[in-house]
Amino acid sequence: MTRKKRRLYMLLLALLGLGTATALTLTAFQDNLVFFFSPSDLQTKVAEVKDRSFRLGGLVEEGTVKRLPDGVSVEFRVTDGVSVVPVAYRGQLPDLFREGQGVVAEGKLRPDGVFVAREVLAKHDEKYMPPEVTDALKRAEHFKDTAKTLKQ
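The structure reproduced in this document is the subject of the present report. (Residues numbered from 1 in each chain as written. Predicted model: local features only at pLDDT ≥ 70, side-chain atom pairs only at ≥ 80, totals over all residues. Heavy atoms only, no water.)

**A look at a nonpolar patch on the surface**
On the surface, a nonpolar cluster with roughly 780 Å² of combined accessible area is contributed by Met1, Leu8, Tyr9, Leu11, Leu12, Leu15 and Leu18. Mapping Leu11 onto the fold places it in helix H1 (residues 3-32). (Patch = residues over 30% accessible without salt bridge, like charges linked within 9 Å, V, L, I, M, F, W, Y side chains within 5 Å. Areas by Shrake-Rupley, 256 points an atom, 1.4 Å probe, with all protein chains shown as cover. Salt bridge = Lys/Arg side-chain N within 4 Å of Asp/Glu carboxyl O. Helix = DSSP H or I, 4+ residues; strand = E, 2+ residues; numbered from the N terminus.)

Here you go:
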């Protein structure tokens, strides 16, 4: 084998290794990427989230929190003022979780349209709401009436 062929083989081997490392890195990032959707966004992008984990954010709809008899499971609905998504969660809810408050839930959408959350996050005080939830509510014009009330 000549020196020229040996260099060519080494270069091809190095490029193959670099390509493999790049492909593995991109695959790892894609698996850990979590998207955020409001209930209105979810209505238009149901096909995109099929079998994928994502975050759902909005307000817990008044009068929809239902604790099941097992003491661990909870069902509620998340709204952005326009659309509503039913949520099922099994586990301990945050202390600040309540109706009418901002919430972000991470999980998957079942074929029947129920979002099964594996984690639920609630806002931490009266003045803070996750920025994604605030933006989604503004896009859905949920704060439109509130702005009029503040001006008067």
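**Thoughts on the pattern of salt bridges**
Under the definition given, this model contains five salt bridges. Arg55 is the salt-bridge partner of Glu106, the closest N and O atoms lying 3.3 Å from each other. Pair noted here: Glu106 is in strand E6 (residues 102-109) and Arg55 is in strand E2 (residues 54-60), with a separation of 51 residues, a long-range link. Residue Glu106 is classed as buried on the basis of its relative accessible area of 10%. A salt bridge links Arg90 to Asp70, with the nearest nitrogen and oxygen atoms 2.9 Å apart. Taken together, the positions of Arg90 in strand E5 (residues 84-90) and Asp70 in the loop between strand E3 (66-67) and strand E4 (73-79) put the pair 20 residues apart, joining distant regions of the chain. Looking at Asp70, the relative accessible area reads 42%, which means it is partly exposed. The network of salt bridges with shared partners includes Arg55, Glu106 and Arg118. (Buried < 20%, exposed > 50% of the residue type's maximum accessible area, 1.4 Å probe, protein only.)

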